[in-house]
Every structure is written in C-alpha cells, then in structure tokens.
Amino acid sequence: LIGKNLELEISLYKVINLKVGTSNGYLIAIYDPTKVKLISTKNFNVGGYGERVITMCERYGGVVCINGGGFVDNGLGSDIPLGYVIQDGKITWSSDNKSNIIGMTKDGKLKLMSGATGEEALNAGIVDGLTFDPFLIVNGKELEIVGDPWGSSPRVAIAQRKDGVIMFLVIDGENYIDGATLQDVIDVLKRYKAYNAANLDGGTSASLV
C-alpha cells in the first residue's frame, strides 16, 4: 500500500508540507489538470447533511480530494448548496441569483467567472463547477485586501499555474483563532507561481483526503 501510494504521488501528484504561521499546511500539486473533477453528495435538499469528503472520495475512487462549495448553514449544516453546482457538463443545482463560479473546462483550465449563471458557465466551457468566493488571484493579479475582514481560520483553496499544474491548498487551524488569513493563502500560492486562484469553503468544513 505504501509503495502504491508513493508510485501514485510520483506520477499524479506531489504533497508539499508547509508551515503557515503556527499552522500546518498542505499544498498538493496535480500534474494533469484534466484529472481534476467535481464530486458531490448523492442528493441535494432531501433533509440531510450531505456526505463527508472522505465518503465521497471513496465512492468516486478519488486519489486526492478536498471540499469545495458552501452550503446553507443554520449551525448544523445542510445538504443545500449555495449558488450553482455543475457536474459532467450538467447543472445539478441552480440558483435564483448570479454568483461567482469556480470551474474546470474539459481541457483542464481553471476558469473563474464573476456574476455568472450556470448556463453562462456552461457556454464558457465549464464542465465542473461550483460557487464560492472570493477569487484570490485572477490572471496574475492578486486580490487587494484592506485590513483583515475575514480573519484567521482553516483555509482551502484551488489554484492553477501558467504551466497548467493545479494546486490544492489546505491549512489547518481552529475557527477564528488560528489557521490563516486570505492574505496568507495568497502569499503561499504566489510563492508557488499561481496564476489563477480561488478561495473554497474553509473553517470546520476544511478537509483533505
């Protein structure tokens, strides 16, 4: 099993252990961007709490999985996504409002669309996508953060370099006590040459499998 995992890591991805302040971080470089796909809970809005990332990862046969979009949360969580969910070229959850969509195209490009509908995302070539924000780096230009409006927390982000390599970044921590600021996340991703990057759902949802 160890040998198999090492072989997979060499051929498909690499894990880089980081220290962000006092928190542990994990940056996963995925060499073939076309391998990055969206996975989702079996059903939406059926009165449950969805599935844990580890359960979905196992069910889909994933090698490396992180959590992505947000959900309606009354303090206990839910199986109701925020915004749009696009999977395998189909809209599986719709929103009444336009939203920021983080998506992958068929040829493995990370695409960030501000104020878009699911239909607009499909027309732009997105085949797997979800809603979350803010976008951290867009075409090399990083988000300007004034003050610290989001504070420190466990963080999850997705990014892509100009050479196509996709990066997952997960930073441990405890809500609003430690972890990382969004500026910390930007700084780490820029250090590894991210050209486009987006924040994903962190806090107690932050997961890496």
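What counts, and at which threshold
- Residues numbered from 1 in each chain as written.
- Predicted model: local features only at pLDDT ≥ 70, side-chain atom pairs only at ≥ 80, totals over all residues.
- Heavy atoms only, no water.
- Salt bridge = Lys/Arg side-chain N within 4 Å of Asp/Glu carboxyl O.
- Helix = DSSP H or I, 4+ residues; strand = E, 2+ residues; numbered from the N terminus.
- Buried < 20%, exposed > 50% of the residue type's maximum accessible area, 1.4 Å probe, protein only.
- Phe/Tyr/Trp six-rings, centres within 6.5 Å; stacked < 30°, edge-to-face > 60°.
- Pairing = 2+ DSSP bridges.

Before we move on, can you summarise the pattern of salt bridges with the specific residues and values?
Following the criterion strictly, the structure yields three salt bridges and no others. Across the pair E120 and K98 runs a salt bridge, and its minimum N-O distance is 3.6 Å. Of the two residues, E120 sits in helix α3 (residues 118–123) while K98 sits in the loop between β4 (90–93) and β5 (99–105), which places them 22 residues apart along the sequence. Taking relative accessible area as the criterion, K98 reaches 53% and is therefore assigned exposed.

Describe the packing of aromatic side chains, with residues and values.
Applying the stated criterion across every chain, the model contains one aromatic pair. Measuring from centroid to centroid gives 5.8 Å for F44 and W93, while their planes differ by 70°, and the two rings are edge-to-face. With a gap of 49 residues between them, F44 in the loop between β2 (23–30) and α2 (53–60) and W93 in strand β4 connect regions that are remote in the sequence.

Lay out the pairing of strand β12 (residues 194–200) in plain terms, naming residues and giving numbers.
Among the seven residues in β12, six count as buried, and that is most of the element. Two elements, strand β10 (residues 155–161) and β12, share six bridges in a ladder whose sense is antiparallel. What sits directly across from A157, in β12, is N199.

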